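A structural walkthrough
Residues per chain are reported as follows:
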Amino acid sequence: MHESCSEPQLCRAEKLTTEDVELSPDPEDVGIRKMISSVLAEIYRMRAFVRLKPLDNQVLYGYLKPRHKTGDDICRFFARRSPFTIIVLGNSLESWISLCAGGRVLQDNSCGSLEQTLDEISSVLGRVEKDRDLEEVWKVYYSS
Amino acid sequence: MVTLEKMAHLALGSCFDSLGQNTTSLPDPIYLNREKLGALGAGTRYDICTSSGCSDVMGVCHSFTHDGRCISLFKTLYTNHCSHQCNYCTNASNCSQKAKVFSYSPDELARLTVSLYRSNYIEGLFLSSGAGRDEDVIMEKLIETARLLRNKFHFRGYIHLKILPGASFSHIREAMELSTRVSVNLEAPSASHMNDISATKDYNNDILQRQRYVKDLMGSVGLPAGQTTQLVVGAGDESDREIFKRILYEYRELEIKRAYYSAFSPQEGTAFASKEPQPLWREHRLYQMDWLYRVYHFHPKEIEQAFDETGNLPNRDPKAAIASELIDGPVDPNVANYRDLVRVPGIGPISAHRIIALRMRQRITRKDELASLGVIVKRAAPFLKINGWRDTTLDRWSA
């Protein structure tokens, strides 16, 4: 969802058809069209630019700081690409976790920062932590 | 919502993951020979997978999905050793300044691809190769790489395999079963032009026949993204009209999905080192001509209008040239059908459909309404009549 999408806008968008979104000259509909473009563009960009590092063979993590509320969607995308691998994306404020198992994508949204989430996963899995360099992950993300 | 503990349990309990069956530890680390990676990545510089040019980063090429999304592919040769004598190629056996010869093993290349894929550096693999000493042996290696990716590493991403000239029917079949797309490089529009640029490739047997094998196997094997081909433009003295005739045959008879065009650029040490390079605009105009046929569904006789007296495309938008010759009078976007709308410069298939959809709700009365639908009004305006008023300055419509 767009970062500044309001409830009235959401209600209006739900009533629009695809044609309305593409063609309507109404200023409110034009505004919704621009919001949709912005969200879709971010999803496309993040899917291309996020870089993942292995925590171990069961977990891949990466830096993600989306402008809009797209973290869930992007995390799900990577989970489907790597079944039975836990995907953790996030930044210093929030994180998203997904796992694709048996054709279903499972998600846990009650997450803190990326650092906190990775600590939690490491303790749950009982893994010895390898050299985890979040600073490096961020740099790779930024340069890509 | 699912708890982290449940997710961890499911992940730990999996017998398969994208690294293969019963993996409990990471695969052996891959020692990256950067010289090899660079040499074999650079060797695919002229293997085209998109019409919009290639990345400057060796080994990474960008292509586009059907929905317009840009994706990165790991583009590499399996080996840069080749027994063919193509006069434009630095990997040719008769090149006097050949680079050091490198080769991957199938396991090494598959592991490298999977590592890049899991880290999201790439979404797929574009694998070509020199012919080595024996193209059958090299084809077997390419197929083994794809087999390892699909079966051992459960790789579900995009794989584009090059079919080497002269590859056997059974190898082609196996390659198609494992790939998303395959391609055989035409390089030239006819056998006589091929003889000018390569002494060792038999155009009909090594290339056209292999394309026919792919077409024949499509019914039984299937290939999600079909087959493509590419030509080197300007290495010989072929005209754009000859290229167009060949491409028409490829689309109609061999049912290829796309053709790519690579402007010739002389390379040091090759037999063609002193030839003039082809301007990039020639490649650009060929792509525009290709789109007019493939996407806009122009008839070949319409496209013929774009060629000059030498049989070449001048450095001018072919669609504008055709429109100037063939459009009889100003087009009214409120009544024109789809076919007439897409023949107007500045109006493509998407904006033509939008015009038709919009005029069912309201009459189009202003140019800025067309602009909001994606029409490039500056190009379209001379050919349009809106609300009885026309902008045209075309001489032959002045009366």
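All of these numbers come straight from a predicted model, not from anything done at the bench.

Turning our attention to the overall build of chain A. Summing up its helical and strand segments, chain A has six helices and five strands in all. In chain A, which comprises 144 residues, the share counted as buried stands at 32%. Residue pairs at least 24 apart in sequence account for 48% of intrachain contacts in chain A once pairs closer than 6 positions are excluded.

Right, let's get into the overall build of chain B. Regarding its fold elements, chain B presents 15 helices and eleven strands. Split into buried and exposed, the 399 residues of chain B put 43% on the buried side. Relative to all contacts within chain B whose residues are 6 or more apart in sequence, the contacts with residues 24 or more apart total 66%.

What follows concerns the nonpolar core. Leu142, Ile163 and Ala175 of chain B are the most contacted members of the largest nonpolar core, which totals 93 residues. Here this core takes seven residues from helix H4 (residues 135-152) of chain B, the largest share from any one element. Residue assignment places this core across two domains, with domain 1 (16-225) and domain 2 (327-397) of chain B each supplying three or more. Leaving out residues up to four positions away in the same chain, leucine 142 of chain B has contacts with Tyr78, Leu127, Ser129, Leu161 and Ala175 of chain B. Ranked by size, the runner-up nonpolar core spans 28 residues in total, among them Val50, Leu52, Phe84 and Cys111 of chain A.

Let us now look at the environment of lysine 215 of chain B. Residues and elements named next belong to chain B. Secondary-structure assignment places lysine 215 in helix H7 (residues 203-217). Look at lysine 215 and you get partly exposed, because 15 C-beta atoms sit within 10 Å. In sequence terms lysine 215 and leucine 313 are 98 residues apart; their C-alpha atoms lie 30 Å from each other. The contacts of lysine 215, once residues within four sequence positions are left out, are Leu254 and Glu255.

Residue and element names in this part refer to chain A. Burial of strand E2 (residues 59-63) is extensive: five of the five residues sit out of reach of the surface. Alternating positions in E2 separate into two faces, Val59, Tyr61 and Tyr63 on one and Leu60 and Gly62 on the other, with burial throughout. Here strand E1 (residues 53-56) pairs with E2 via three bridges, running antiparallel. Bridge pairing links lysine 53 to tyrosine 61 in E2. Connecting E1 to the next strand, E2, in antiparallel fashion are two residues. Considered for its hand, the β-α-β crossover made up of E2, helix H4 (residues 71-81) and strand E3 (residues 86-90) is right-handed.

Once that is clear, we can look at the sheet that holds strand E4 (residues 95-101) of chain A. All names here are of chain A. Ordered in space as E1-E2-E3-E4-E5, the five strands form an open sheet in which the pairing is mixed. Edge positions in the sheet fall to E1 and strand E5 (104-108), since each of these pairs with one other strand and no more. The sheet shows a mean angle of 25° between the axes of neighbouring strands, taken without regard to direction. Direction of pairing for E4 relative to E5: antiparallel, over a ladder of five bridges. Bridge pairing in E5 places leucine 99 opposite leucine 106. Packing against the sheet, helix H5 (residues 114-125) makes contact with E1, E2, E3 and E4, and its axis sits at approximately 155° to E3.

What follows covers the pairing of strand E9 (residues 258-263) of chain B. Each regular strand displays side chains that alternate between the two surfaces of the sheet. Residues and elements named next belong to chain B. Counting buried residues in E9 gives five out of six residues, a clear majority hidden from the surface. Across six bridges, strand E8 (residues 227-233) lies against E9 in parallel orientation. Pairing of threonine 229 across the sheet is with alanine 259, part of E9. Each parallel crossover has a hand, and the one from E8 via helix H8 (residues 240-253) to E9 is right-handed.

A word on helix H3 (residues 27-49) of chain A. Look at H3 of chain A: 33 Å from first C-alpha to last across 23 residues, which is about the 33 Å you get at 1.5 Å a residue. Burial in H3 of chain A covers these residues: Ile32, Val39 and Met46 of chain A.

All names here are of chain A. One can read the domain layout of chain A as domain 1 (7-46) and domain 2 (51-143). Tallying the contact residues gives five residues for domain 1 and seven residues for domain 2. Across the side of domain 1 that touches domain 2, the residue classes break down as three nonpolar, one polar and one charged.

Backbone phi values are negative for most residues with the exception of glycine, while trans is the configuration of most peptide bonds. Residues and elements named next belong to chain B. A positive phi angle is found at glutamate 255, which is not glycine, with a value near 55°. Position of glutamate 255 relative to the elements: it lies in the loop between H8 and E9. One non-glycine residue, histidine 297, lies in positive phi territory at about 60°. Within the secondary structure, histidine 297 sits in the loop between helix H9 (280-294) and helix H10 (300-304).

Turning our attention to the packing of H4 of chain B against helix H5 (residues 169-178) of chain B. Residues and elements named next belong to chain B. Following both chains from N to C, one finds H4 and H5 inclined at 25°, their axes separated by 9 Å at the closest point. Between H4 and H5, the interaxial angle falls into the category roughly parallel. Here H4 and H5 pass one another in a crossing that is left-handed. Residues Asp136, Met139, Glu140, Leu142, Ile143, Ala146, Arg147 and Arg150 of H4 touch H5, and the partners they reach there are His171, Glu174, Ala175 and Leu178. Among the residues forming the contact of H4 with H5, the class breakdown is six nonpolar, one polar and five charged.

In this section: the environment of threonine 117 of chain A. All names here are of chain A. For threonine 117, the position within the fold is in helix H5. Given 22 C-beta atoms within 10 Å, threonine 117 falls into the buried group. The sequence separation of threonine 117 and glycine 90 amounts to 27 residues, and the corresponding C-alpha distance is 8.8 Å. Ignoring sequence-local partners within four residues, the contact set of threonine 117 consists of Val88, Gly90, Ser95, Ile97, Cys111 and Gly112.

Procedures and definitions
- Residues numbered from 1 in each chain as written.
- Chains lettered and ligands numbered in written order.
- Predicted model: local features only at pLDDT ≥ 70, side-chain atom pairs only at ≥ 80, totals over all residues.
- Helix = DSSP H or I, 4+ residues; strand = E, 2+ residues; numbered from the N terminus.
- Buried ≥ 20, exposed ≤ 12 C-beta atoms within 10 Å, placed from the backbone.
- Contact = placed C-beta atoms within 7 Å.
- Core = buried A, V, L, I, M, F, W, Y, C linked by C-beta atoms within 7 Å.
- Domains from an automatic or database assignment.
- Pairing = 2+ DSSP bridges.
- Right-handed = clockwise from strand over helix to strand, strands pointing away.
- Axes fitted to C-alpha atoms, helices over the stretch in contact; angles between N-to-C directions.
- Expected span 1.5 Å × (residues − 1).
- Nonpolar A, V, L, I, M, F, W, Y, C, P; charged D, E, K, R; others polar.
- Parallel < 35°, antiparallel > 145°, perpendicular 65-115°, else oblique.
- Left-handed = near helix turned anticlockwise from the far one by under 90°.

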